[in-house]
Amino acid sequence: MNILLLGSGGREHAFAWKIVQSVDCTNLYVAPGNAGTATIATNISLGITDFPVIKSFILEKGIDLVVVGPEEPLVKGIVDFLQAQPETSKIPVVGPSEMGARLEGSKDFSKRFMLRNGVPTASYETFTASELEEGFAFLEKQNLPIVLKADGLAAGKGVLICLTLEEAKASLKEMLIDQKFGEASSKVVIEEFLTGIELSVFVATDGENYKILPEAKDYKRIGEGDTGLNTGGMGAVSPVVFADEAFMKKVEEKVVKPTVDGLRKEGIPYKGFLFIGLMNSDGEPKVIEYNVRMGDPETEAVLPRISSDFLHLLHGIGTGTLAEYQLKISPEYAATVVMVSGGYPGSYEKGFKISLPDPESESVIFHSGTGKNEQGQLINQGGRVLAITGRGPDLSTALANAYATVNQISWNKAYYRGDIGKDILNLNK
Ligand code: AMP
Ligand code: GLY
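Residues numbered from 1 in each chain as written. Chains lettered and ligands numbered in written order. Predicted model: local features only at pLDDT ≥ 70, side-chain atom pairs only at ≥ 80, totals over all residues. Heavy atoms only, no water.

K.L.:
Can you walk me through the sheet that holds strand β7 (residues 146-150) in this structure?
P.N.:
Consider a sheet: its strands pair through backbone hydrogen bonds, and that pairing is either parallel or antiparallel. An order of β6-β9-β7-β8 is seen for the four strands of this open sheet, with the pairing classed as antiparallel. Each edge of the sheet is formed by a strand with only one pairing partner; in this case those strands are β6 (124-128) and β8 (159-162). Each strand axis lies, on average, 20° off the axis of its neighbour in the sheet, ignoring direction. (Pairing = 2+ DSSP bridges. Helix = DSSP H or I, 4+ residues; strand = E, 2+ residues; numbered from the N terminus. Axes fitted to C-alpha atoms, helices over the stretch in contact; angles between N-to-C directions.)

K.L.:
Help me understand the site of ligand 1, please; the structure alone is not making it clear to me.
P.N.:
Around ligand 1 sit 14 residues, and of these Glu191, Glu192, Leu194, Glu198 and Glu289 come closest. Within the side chain of Glu191, an N or O atom sits 2.7 Å from a nitrogen atom of ligand 1. Between a nitrogen atom of ligand 1 and a main-chain N or O atom of Leu194, the distance comes to 2.8 Å. For ligand 1, whose unbound accessible area comes to 470 Å², protein coverage reaches 88%. Partitioning the shell around ligand 1 into residue classes produces seven nonpolar, no polar and seven charged. (Near = heavy atom within 4 Å. Polar contact = N/O pair within 3.5 Å; in protein donor to acceptor, adjacent residues only side chain to side chain. Areas by Shrake-Rupley, 256 points an atom, 1.4 Å probe, with all protein chains shown as cover. Nonpolar A, V, L, I, M, F, W, Y, C, P; charged D, E, K, R; others polar.)

K.L.:
Where do I start with the sheet that holds strand β3 (residues 42-43) in this structure?
P.N.:
An order of β3-β2-β1-β4-β5 is seen for the five strands of this open sheet, with the pairing classed as parallel. Two strands in the sheet have a free side with no partner beyond their single neighbour: β3 and β5 (93-94). For strand β1 (residues 2-7) and strand β4 (residues 65-68), the ladder comprises four bridges, and the chain directions are parallel. Across the sheet, Leu6 pairs through a bridge with Val68, a residue of β4. Across the sheet, helix α1 (residues 10-19) lies against β1, β2 (27-32) and β4, angled at about 165° from β1, the strand it touches most. Sheet contacts for helix α2 (residues 51-61): β1, β2 and β4; angle to β1, the most-contacted strand, approximately 160°. (Contact = heavy atoms within 4.5 Å.)

K.L.:
What should I look at first to understand the nonpolar core in this one?
P.N.:
For soluble globular proteins, nonpolar side chains are generally found buried alongside one another. Formed by 71 residues in total, the largest nonpolar core has its most connected members in Leu4, Ile78, Leu103, Leu199, Ile276 and Leu386. A per-element tally of this core places helix α9 (residues 245-265) first, with seven residues. Discounting chain neighbours no more than four positions away, the residues touching Leu103 are Phe109, Ser110, Phe113, Leu263, Tyr270, Leu274, Tyr290 and Val292. Cys25, Phe202, Leu313 and Phe366 belong to the second-largest nonpolar core, a separate cluster that totals 39 residues. (Core = buried A, V, L, I, M, F, W, Y, C linked by side-chain atoms within 4.5 Å. Buried < 20%, exposed > 50% of the residue type's maximum accessible area, 1.4 Å probe, protein only.)

K.L.:
Is there a simple way to explain the packing of aromatic side chains in this structure?
P.N.:
The description of an aromatic ring pair uses the distance of the two centres, along with the angle that the planes make with each other. In this structure the tally under the stated criterion is eleven aromatic pairs. In this structure an aromatic cluster arises from ring pairing among Phe15, Phe273 and Phe310. Looking at Lys169, its charged tip hangs above the ring of Phe136, at a distance of 5.6 Å from the centre. Taking the ring centre of Tyr219 as reference, the NZ or CZ of Lys217 above it sits at 4.3 Å. (Phe/Tyr/Trp six-rings, centres within 6.5 Å; stacked < 30°, edge-to-face > 60°. Lys NZ or Arg CZ within 6 Å of the ring centre and 35° of its normal.)

K.L.:
Would you explain the site of ligand 2 in this entry?
P.N.:
Taken together, Asp218, Gly232, Phe275, Arg293, Gly295, Asp296, Pro297 and Glu298 make up all the residues around ligand 2. Between ligand 2 and the protein, one listed contact pairs a nitrogen atom with a side-chain N or O atom of Asp218 at 2.8 Å. One nitrogen or oxygen atom from the side chain of Arg293 is found 2.9 Å from an oxygen atom belonging to ligand 2. About the coverage of ligand 2: the protein hides 87% of its 190 Å² of free accessible area.

K.L.:
Just to check I follow, could you spell out the pairing of strand β14 (residues 227-230) for this structure?
P.N.:
For a regular strand, side-chain orientation follows a simple rule: the groups alternate between the two sheet faces. Here strand β13 (residues 221-223) runs beside β14; their pairing, made up of two bridges, is antiparallel. Bridge pairing links Arg221 to Asn230 in β14. Between β13 and β14, which pair antiparallel and follow one another directly, the connecting turn spans three residues, one of which, Gly225, has a positive phi of 75°.

K.L.:
For this particular structure, what's the right way to read the side chain of Arg384?
P.N.:
Along the chain, the position of Arg384 falls in strand β22 (residues 384-392). No salt bridge is formed by the buried Arg384. Its closest oppositely charged neighbour is Asp296, at 4.1 Å. A polar atom in the side chain of Arg384 sits 3.2 Å from the backbone oxygen of Gly233. If sequence neighbours within four positions are ignored, Arg384 has contacts with Gly232, Gly233, Asp296, Pro297, Val338, Met339, Val340, Tyr344, Ser368 and Gly369. (Lys, Arg positive; Asp, Glu negative; His and termini not counted. Salt bridge = Lys/Arg side-chain N within 4 Å of Asp/Glu carboxyl O.)

K.L.:
I keep staring at the pattern of salt bridges and nothing clicks. Help me out?
P.N.:
For side chains bearing opposite charge, pairing can occur when the charged atoms are close. Tallied over the full model, the rule gives 26 salt bridges. Close ionic contact of Glu87 with Lys55 constitutes a salt bridge, the shortest N to O distance being 3.1 Å. Of this pair, Glu87 sits in the loop between α4 (78-84) and β5 while Lys55 sits in helix α2; the two residues are 32 residues apart in sequence, bridging distant segments of the chain. Judged by its relative accessible area of 43%, Glu87 is partly exposed. Here Lys55 falls in the buried class, since its relative accessible area comes to 15%. With a closest N to O distance of 3.6 Å, Asp218 and Lys220 form a salt bridge. Here the residues in one salt-bridge network are Glu71, Glu104 and Arg293, joined through shared partners.

Pasting the structure below:
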């Protein structure tokens, strides 16, 4: 198979790493990719939302399978675009339709979908700019803290947890009237604050059948002890101890099945990954959000635990033959530590030379924001630069392996959190 993978993050390097392990991978192209994907596949410089150019590339290279990593092309309708063109309409694509991608692209849409389909979630109401006064009145009746969410995509920054009524009112006005997140906050979802422990659940579906992939927990904030600004993710671990069999059974019955059934019943085409962010509230799952893609850095911890052929899984999703796929999951633990540019998620300097350990390292080194300078040296080019995954028979060994490799990597102003997985290790005790 000739495969085109869209994206450039650690998630896509992990996808590429698994895909090239398959006997059925002939050529893998990654657009645009990063310095890591360049070592195992062919990077192609094309824009991931430039659909006509993508189509031409697919035809030129005889692509048999398209895999979409990030949400943006999905929300912009790449799947519908390729299906509407006679030359590409039969080529399987891993990723939901534009309508399916609204589960991530619009919080209001996803909340209404959950309500219609009986998926447990926080109670909420949605307000627009002309309903500011109603929004204030609603806020006055709610308990604190209270959660405000921009309806549209806001680069992971659109969720505000407000501790006081004044803060909530001011934020609501900023979002609706001052367009704090631009068009994305022209609607705001106000929702109940959920307490509990967060978990990321990953589902592969072809619209009819589904497979539940290993779950993970990610570490979102920049500082140790989960303090400071939100980031795209500073680390992840899989499996997660508090997601025991009984809890995962509830997740499957109360969340996964009604979601996949709801998509089918509502006629929403969905062949792709579904990432369900949920809270374990006293043993009951409640959905915080849907994402229509795999998580990053969760993918870098989840994929190393899949021991069956990952390309076959992707093919099963894209061709609607997932029922035939035998998913095998390794009982091993995986722990991922993300190394970032100093200053991230604020401003940071790029272009520092990265020194890596020799390839014999115990861990897998996934690249994210990396590139090459004019001398061909590896440099940091983004906020999140590398994701290091250690493995082992238990979490502490997996973490020790990851950190052993992290300690051999350096560049000017590199930063990472030293406490990934520690909260879970403490739960184990
Ligand atoms: P999101 O951008 O939707 O991923 O939300 C960012 C983070 O905000 C989530 O990962 C949660 O930690 C937190 N969050 C979102 N909604 C709620 C909620 N209803 N209750 C508590 N925390 C929430
Ligand atoms: N790690 C969270 C995300 O990918 O959205």
